[in-house]
Amino acid sequence: MKIFKKTMTLLLATALCGSLLAACSSSEPSKANSNGSSGGSSSEKVEKIVFAMPSFNRIPDDLSVVTDAINKITVEKIGVEVDFRVYGPADYAQKVNLALQSGEKMDVFTTLGQFTSYVSKNQVYPLDDLLPQYGKEMLAILEQDFGADLLEATTMNGHVYGIPVNKGMSLPPSFVYNADMLKEVGFTPNDIQSVDDLQKIFEAVKRKYPDVVPFGPINVNPSDTGLMHLLKADNQVDFLTDTTGIGVVIGNDGKVVNFYETDAFKKGVTMVRDWFNKGYLQKDASTTTVLFSEMIASGRGFAFMGGYSGMESAKALSAQMGKNVEMKRIAPYYFDTNAVNLVSWMVNSTTKAPEAAVKFLNLLYSDKDLINTILYGIEGVDYVKVGEHHMKLPEGKDANTVSYTAMLSTGIVGSESLQYQLEGVSWSDVELKLKENKETVRSPYFGFIFDQSKVKAQMSAVNNVVNQYLPGLVTGTLDPEIAIPKFVDALNDAGAQTIIQNKQEQLDQWIAAHNK
Amino acid sequence: MKSNKAKPGALKKTMPLLILAVPGLLYFLINSYFPMFGVFIAFKDINYAKGIFGSDWVGFNNFTFLFQTSDAWIMTRNTLLYNLAFIVFGTICSIFIAIIMYELVSKIYSKLFLSGLVLPSLISMVVLSLLVFAFLNADSGFINHSILRPLGIPEINWYSEPKYWPYLLVIIQLWKTAGYGSIVYFASIAGIDKSIYEAAKIDGAGKLKQIRMITLPLLKPTVIILCLMSIGKIFNSDFGLFYQVPLNAGALYSTTQTIDTYVYRALMQLNDIGMSAAAGLYQSLVGFVLVLVVNAIVKKINSDNALF
């Protein structure tokens, strides 16, 4: 017993030492932070902010050169020093969340589709008071490129919580196909006007090339054939800012319904089921891990569906797949809130320098030098300017060998109208995208944002059910006659009705407030 | 007075052992005991502006999502039954392997085979999922392409037929872990006094009888300790095995959904640490209670074999 006591004392002592050590180490970084805002050439105090950007390119180990170039612009123009961080797409959200949760310094960050979640957890700073003073140029260019209603998509409870990236937002559903094969089977692009024209083309492809799979999912794991995107645009469905599809409004009747119970959904999946039964899709389309673009690249696939802005995306796809790929729009696009706030820049709610962050955002959207430095690096070293609107990589270099480039992040940062385009991309395409921004039909509920906090448990359960059934339905592997009733039952069991009711109440309130 | 003098001596004796235990104890302190402090997060609605301590208490609200649907029954059943199967078949296979290895005459061969059997446990689940995919792929997989098709048996779309997966997952798990698990049993068997076997031989006992009457009874304490420890984790599942290996296929959820995969899928989009903490707490509590119950039962039957 006495030995036991001794052991315990020893243990406790170890534990204490351990916790003391832990306390020491955790206090270090905060010290470093507090004296961080020294230095700077101007008489005004230079404020420091952390800015994190996702990049789809190779991320260089040393960002100091491009960081210095960015700071040269920002310190001079707005007196803000930027700690520039670049993360890959796979770990971006994780790095940002970790920083937010641990209280590490992180001022300006973006999201891919999680805007509402950040706002409902109070992780982002309301910008409405600061924008008129520090964000004038940004507001002007947003209005010019999209329309004054852009910020409605990031406004909740009367506060602006984020700035959507300013680019071509309209993503009309398009049919992407191997153009050589289409010609061989005796059709022209003009034969494709709507989704109903596809069946006869698939049939012809199947007959002429028995080894080629005519149609496949654009994304895998979970498999997505672009069908939901098409149905949404075709039937003017507003998803009311949650991607599950539970609680949508079709058209403008203001009635929230479960999209999976509607005839529009049934018609769509029945069509794909028909394609599946006729052998136009792979047998394992719902679980395959091979991207269909790879199938096309290897000559074993013919076409897929997806949403693309502008008219020139097919060029990039052709280059990527090494085949003559073309695309044809098969329906106009429809703007709901989610379509616009999908990529939004936000300011951390615990930031010490909200003014500096907004000043930086202002520059990020309106300053040509800053935008292009962030995207392409140093002129003359990392890229060469061609004409007024274009750039190319230096002679003998490609995106992997140049010392810095984030050229694949053009859809994530700043204003597309100020970005240099890769040489060969027609400038009129950018103008077309901006024109479509203004002309695309807005949902009457554009700007409504669903607050999920009261139905979190139901949302999580519903997510699971959707993951279980949707990939099978949109690839035709499940028979809609049997699967839809089961799917709907499972959704209701998971609390879909509660979500719909909750959404309806919020929408009614929003409509009442909006029509005042 | 006397007892006071005895103390330093006792400490001196145990000191080397204590020092040996320090790294392990520190590991548990840092990785298991300090984080326990965060248990209260399971009862909070985390709000970043208010901070972790300032956030509102929400009672058991964070737990409701676990029991929201009939999935709660499916995932609990799957988790329990799979783990039971792993414990039962895993123990049997491991002991079987250990005995065979021990009985091998050539010690070089037995070491060699044992190393080979440990190898699968070093393979990552992601790699393993691709190996399995190479077997089960609908068009070009080994089983469909090279076995079923030549035999004229209709091919099976493995990734959309839930009914095969209970067997597949148990086989995969055994292939991966049985070799590694056999090491402990191998060591226990090696520790059995040789003279017992010699005495048995003189009395005319054959190999099988020796195994049945000596090896297995002497392994009992090891088996019980290892089983008790596995039962503590019976509500946890190997995420890689249940998420990566079935390729996250929706059609297979009815037989591959476990508590861990449900929590991951449900919270991936919500990113709510309160709810994930609640799920973790639920799993640990149930595991803890089960260990106490099973230990009590063991104690009742044979108090020498109980853990505590």
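Rules behind the numbers
Residues numbered from 1 in each chain as written. Chains lettered and ligands numbered in written order. Predicted model: local features only at pLDDT ≥ 70, side-chain atom pairs only at ≥ 80, totals over all residues. Heavy atoms only, no water. Helix = DSSP H or I, 4+ residues; strand = E, 2+ residues; numbered from the N terminus. Rg over C-alpha atoms; globule rule 2.2 N^0.38 Å. Buried < 20%, exposed > 50% of the residue type's maximum accessible area, 1.4 Å probe, protein only. Contact = heavy atoms within 4.5 Å. Areas by Shrake-Rupley, 256 points an atom, 1.4 Å probe, with all protein chains shown as cover. Lys, Arg positive; Asp, Glu negative; His and termini not counted. Charge placed at Lys NZ, Arg CZ, Asp CG, Glu CD. Phe/Tyr/Trp six-rings, centres within 6.5 Å; stacked < 30°, edge-to-face > 60°. Lys NZ or Arg CZ within 6 Å of the ring centre and 35° of its normal. Buried area = accessible area lost by both parts, 1.4 Å probe. Salt bridge = Lys/Arg side-chain N within 4 Å of Asp/Glu carboxyl O. Pairing = 2+ DSSP bridges. Axes fitted to C-alpha atoms, helices over the stretch in contact; angles between N-to-C directions. Core = buried A, V, L, I, M, F, W, Y, C linked by side-chain atoms within 4.5 Å. Expected span 1.5 Å × (residues − 1).

**Concerning the overall build of chain B**
Okay, so step 1: Each helix and strand counted, chain B has 13 helices and 2 strands in total.
Okay, so step 2: Since a compact globule built from 308 residues should have a radius of gyration of about 19 Å, the 24 Å found for chain B marks it as more spread out than a globular shape.
Okay, so step 3: Its C-alpha atoms put chain B at 80 × 65 × 35 Å along the principal axes.
Okay, so step 4: Expressed as a percentage of its 308 residues, the buried residues of chain B come to 40%.
Okay, so step 5: Restricting the contact set of chain B to residue pairs at least 6 apart, pairs at least 24 apart contribute 65%.
Okay, so step 6: About 17200 Å² of surface is accessible on chain B, with carbon and sulfur atoms providing 72% of the total.
Okay, so step 7: Separation between the mean location of the 23 positive side-chain charges and that of the 14 negative ones in chain B comes to 15 Å.

**Things to note about the packing of aromatic side chains**
Okay, so step 1: Under the counting rule described, the total for this entry stands at 45 aromatic pairs over all chains.
Okay, so step 2: A centroid spacing of 6.2 Å and a plane angle of 55° characterise the contact between A:Tyr87 and A:Tyr92, whose relative ring orientation is tilted.
Okay, so step 3: Residues B:Phe86 and B:Phe242 carry aromatic rings whose centres are separated by 6.3 Å and whose planes lie at 35° to one another, so their mutual orientation is tilted. Of this pair, B:Phe86 sits in helix 3 (residues 71-103) while B:Phe242 sits in helix 10 (residues 239-244), and the two are 156 residues apart along the sequence.
Okay, so step 4: We classify B:Phe242 as buried; its relative accessible area is 2%.
Okay, so step 5: If you follow B:Lys44 out to its NZ or CZ, it ends over the ring of B:Trp57, 4.4 Å from the centre.
Okay, so step 6: Sitting above the plane of the B:Tyr102 ring, B:Lys107 keeps its charged end 5.0 Å from the centroid.

**Examining the side chain of B:Ser237**
Residues and elements named next belong to chain B.
Okay, so step 1: Counting through the fold element by element, Ser237 comes out in the loop between helix 9 (207-232) and helix 10.
Okay, so step 2: Residue Ser237 is classed as buried on the basis of its relative accessible area of 14%.
Okay, so step 3: When neighbours within four sequence positions are excluded, Ser237 is seen to be in contact with Thr79, Phe242, Thr258 and Asp260.

**Section: unusual backbone geometry**
The phi torsion of most residues other than glycine is negative, and most of the peptide bonds are trans.
Okay, so step 1: Positive phi is not limited to glycine here, since A:Gln236 has a value of about 50°.
Okay, so step 2: Note on placement: A:Gln236 falls in the loop between helix 9 (227-234) and strand 9 (237-238).

**Focus: the interface of chain B and chain A**
One frequent convention defines the size of an interface as the accessible area lost when the parts assemble.
Okay, so step 1: Contacts between chain B and chain A engage 45 residues on the former and 36 residues on the latter.
Okay, so step 2: At the boundary of chain B with chain A, total buried surface from both sides reaches about 3700 Å², with 56% on carbon and sulfur atoms.
Okay, so step 3: Taken together, the links from chain B to chain A amount to 1 salt bridge.
Okay, so step 4: A:Lys456 is the salt-bridge partner of B:Asp45, the closest N and O atoms lying 3.3 Å from each other.

**Details of the sheet that holds strand 7 (residues 173-178) of chain A**
All names here are of chain A.
Okay, so step 1: With mixed pairing, 4 strands are arranged side by side in an open sheet as 8-12-7-13. Looking at which strands have only one partner, the edges of the open sheet turn out to be strand 8 (213-215) and strand 13 (325-329). When strand polarity is set aside, the average angle formed by the axes of neighbouring strands in this sheet is 20°.
Okay, so step 2: Where strand 7 lies against strand 12 (residues 301-307), 5 bridges are found, and the strand directions are antiparallel. Residue Val176 lies in a different strand from strand 12, and its bridge partner there is Phe304.
Okay, so step 3: Across the sheet, helix 12 (residues 313-321) is in contact with strand 7, strand 12 and strand 13; its angle to strand 13 comes to roughly 150°.

**Concerning the nonpolar core**
Okay, so step 1: The biggest cluster of nonpolar side chains holds 109 residues, and the ones touching the most others in it are A:Phe175, A:Phe265, A:Trp275, A:Phe302 and B:Phe65.
Okay, so step 2: Setting aside residues no more than four positions away along its own chain, A:Phe175 makes contact with A:Ile192, A:Leu198, A:Phe202, A:Phe302, A:Ala303, A:Phe304, A:Met305, A:Glu326, A:Met327, A:Lys328 and A:Ile330.
Okay, so step 3: Of all hydrophobic cores here, the second largest spans 78 residues; its members include A:Tyr92, A:Leu142, A:Met156 and A:Ile163.

**Looking at the environment of A:Ala457**
Okay, so step 1: By the element assignment, A:Ala457 lies in helix 17 (residues 456-474).
Okay, so step 2: Separated by 65 residues in sequence, A:Ala457 and A:Lys392 place their C-alpha atoms 50 Å apart.
Okay, so step 3: Residues within four places of A:Ala457 in sequence aside, it is in contact with B:Thr64, B:Phe65, B:Gln68 and B:Met275.

**Thoughts on helix 2 (residues 64-78) of chain A**
Note that an α-helix has 3.6 residues per turn; residues three or four places apart therefore point the same way.
Residue and element names in this part refer to chain A.
Okay, so step 1: The terminal C-alpha atoms of helix 2, which comprises 15 residues, lie 20 Å apart, in line with the 21 Å expected from a rise of 1.5 Å per residue.
Okay, so step 2: Within helix 2, the full set of buried residues consists of Val66, Thr67, Ala69, Ile70, Asn71, Ile73, Thr74, Val75 and Ile78.
Okay, so step 3: Buried residues belonging to helix 2 abut strand 2 (80-87), helix 14 (354-366) and helix 15 (368-376).
Okay, so step 4: Of the residues trailing helix 2, Gly79 is marked for its positive phi of about 65°.

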